[in-house]
Amino acid sequence: MAEPLEPGLYIVATPIGNLGDLSPRAAQVLSAVDLIAVEDSRVTAKLLHHIGIKQPMLPYHDHNADKVRPGLVARMASEAIALVSDAGTPLISDPGYKLVRDAREAGRHIVTIPGPSAVIAALTLSGLPTDRFLFAGFLPAKAKARADMIAEFSTLRATLTFYESGPRLAATLAALAQGLGNRDAAIAREITKSYEECVTGTLLDLAERYAEAPPKGEIVIIVGPPGEPEPASAEDVETALRAALKNASPAQAAGLVARQFGADRKTLYARALELQGK
Ligand code: SAM
């Protein structure tokens, strides 16, 4: 018999494929709660069967969440309620943040039991920089909305991560190449499952590869950060200096442009004087 838990909300991460990745603490909490809020009871029933338990479940998904949420938050005053999604960490491209928000507003006890998430697992496989990354979930399906969103990310000096499905992969990779340039990327597929793979290449190479053979299974796209910006040409520096001289003294203009381009201030000052005919 599991130890009783303090009433409240328990956010429990579950495996993204390999059931062996359920942590002992997650299993212990799922055994001890009074109720599990689930996306799909058939999926969670398999997980519970794997650890040899049965528990009451209540569906909590995009279509019923607004209706079910107040009742769940009320019950957390006296019962321990777990939130799981079909796979991975709840709230990450999955329902749950409003439940946590409302539970927090109601002063409920909230605990997280961390574990697998496809985006983090994919980053670790990719070999692309992990010091700074943006998780953007699923891109919009419509081409214009997708291109607009990609454009928002184009100047970020960070690795970008997306969830995607097999049939849309090639088109999404082509749109990413169009909006971001032909950056290095990785496609992590079926992580922790028998056919786990991580294929690396430029966005255009990968788009071509997957257009010929759309992949099956679950997919994360990882796109490396932009390369170092092109060094400014002498012409760019001259144009900026002429523009700066319209509103600033030669010394100020030289300082501004030197900072902007990392150029030599003394040389710029001499040129600024020349331009002013001094
Ligand atoms: N909450 C989950 C998490 O923490 O990763 C994500 C849920 S989201 C609805 C499902 C998407 O995650 C899939 O379409 C796929 O893009 C990605 N995904 C989930 N499991 C995966 C796996 N084993 N390998 C690769 N991608 C996976």
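Cut-offs applied
Residues numbered from 1 in each chain as written. Predicted model: local features only at pLDDT ≥ 70, side-chain atom pairs only at ≥ 80, totals over all residues. Heavy atoms only, no water. Helix = DSSP H or I, 4+ residues; strand = E, 2+ residues; numbered from the N terminus. Buried < 20%, exposed > 50% of the residue type's maximum accessible area, 1.4 Å probe, protein only. Arc of directions from axis to C-beta. Pairing = 2+ DSSP bridges. Axes fitted to C-alpha atoms, helices over the stretch in contact; angles between N-to-C directions. Contact = heavy atoms within 4.5 Å. Near = heavy atom within 4 Å. Polar contact = N/O pair within 3.5 Å; in protein donor to acceptor, adjacent residues only side chain to side chain. Areas by Shrake-Rupley, 256 points an atom, 1.4 Å probe, with all protein chains shown as cover. Nonpolar A, V, L, I, M, F, W, Y, C, P; charged D, E, K, R; others polar. Domains from an automatic or database assignment. Buried area = accessible area lost by both parts, 1.4 Å probe. Salt bridge = Lys/Arg side-chain N within 4 Å of Asp/Glu carboxyl O.

## Observations concerning unusual backbone geometry
You will see that serine 93, though not glycine, has its phi angle at about 50 degrees, which is positive. Mapped onto the elements of the fold, serine 93 is located in the loop between β4 (80–83) and α4 (97–105). A positive phi angle, close to 70 degrees, is found at threonine 192, a residue other than glycine. As for its placement among the helices and strands, threonine 192 is situated in the loop between β8 (184–189) and β9 (197–202).

## Let's talk about α4
When we look at burial in α4, the residues that qualify are Leu99, Val100 and Ala103. With its buried residues spanning 100 degrees around the axis, α4 presents them on a single face. Opposite the buried face of α4, at more than 90 degrees from it, the exposed residues are Tyr97 and Glu105. Positive backbone phi, approximately 75 degrees, marks glycine 107, located one or two places after α4.

## Quick word on the sheet that holds strand β7 (residues 159–165)
Read across the sheet, 5 strands follow the order β6-β7-β10-β8-β9 without closing on themselves; strand pairing throughout is mixed. Bordering the open sheet on either side are β6 (133–138) and β9, each of which pairs with just one other strand. If you compare each strand with its neighbour and ignore which way they point, the axes differ by 20 degrees on average. Both β8 and strand β10 (residues 218–223) contribute to a ladder of 5 bridges, which runs antiparallel. Counterpart to isoleucine 187 in the pairing with β10 is isoleucine 221. Each of β6, β7, β8, β9 and β10 touches helix α5 (residues 118–126); the most contacted strand, β10, lies at about 55 degrees to it. The strands touched by helix α7 (residues 166–180) are β7, β8 and β10; relative to β7, the strand with the most contacts, the crossing angle is about 150 degrees.

## With respect to the site of the ligand
Neighbouring the ligand are 19 residues, the closest being Asp94, Ser117, Ala118, Tyr163 and Ile219. Backbone polar atom of glutamate 164 to an oxygen atom of the ligand: 3.5 Å apart, as the coordinates give it. Isoleucine 219 is positioned with one of its backbone polar atoms (N or O) 2.6 Å from an oxygen atom of the ligand. Starting from 580 Å² of accessible surface for the ligand in isolation, the protein chains cover 90%. Those elements that place two or more of their residues in the shell around the ligand are β7 and β10. Take the shell around the ligand: its biggest share by element is 3 residues, from β10. Looking at the shell around the ligand residue by residue, the class counts come to 10 nonpolar, 4 polar and 5 charged.

## What to know about the side chain of arginine 189
Within the secondary structure layout, arginine 189 lies in strand β8. Leave out the neighbours within four places in its chain, and arginine 189 touches Tyr195, Glu196, Glu197, Pro215, Lys216, Gly217, Glu218 and Ile219.

## Looking at the domain arrangement of the chain
We note that the domain assignment places domain 1 (8–116), domain 2 (119–223) and domain 3 (234–275) within the chain. Look at where the C-alpha atoms of domain 1 and domain 2 centre, and you get two points 28 Å apart. Taken together, the contacts link 6 residues of domain 1 with 9 residues of domain 2. Ranking the residues of domain 1 by area buried against domain 2 places Ile16, Ile92 and Ser93 at the top, with a combined share of 73%. The interface formed by domain 1 and domain 2 contains 0 salt bridges. Taken together, the connections running from domain 1 to domain 2 amount to 1 residue pair in polar contact (both at pLDDT 80 or more). Looking at the side of domain 1 that touches domain 2 residue by residue, the classes come out as 2 nonpolar, 3 polar and 1 charged.

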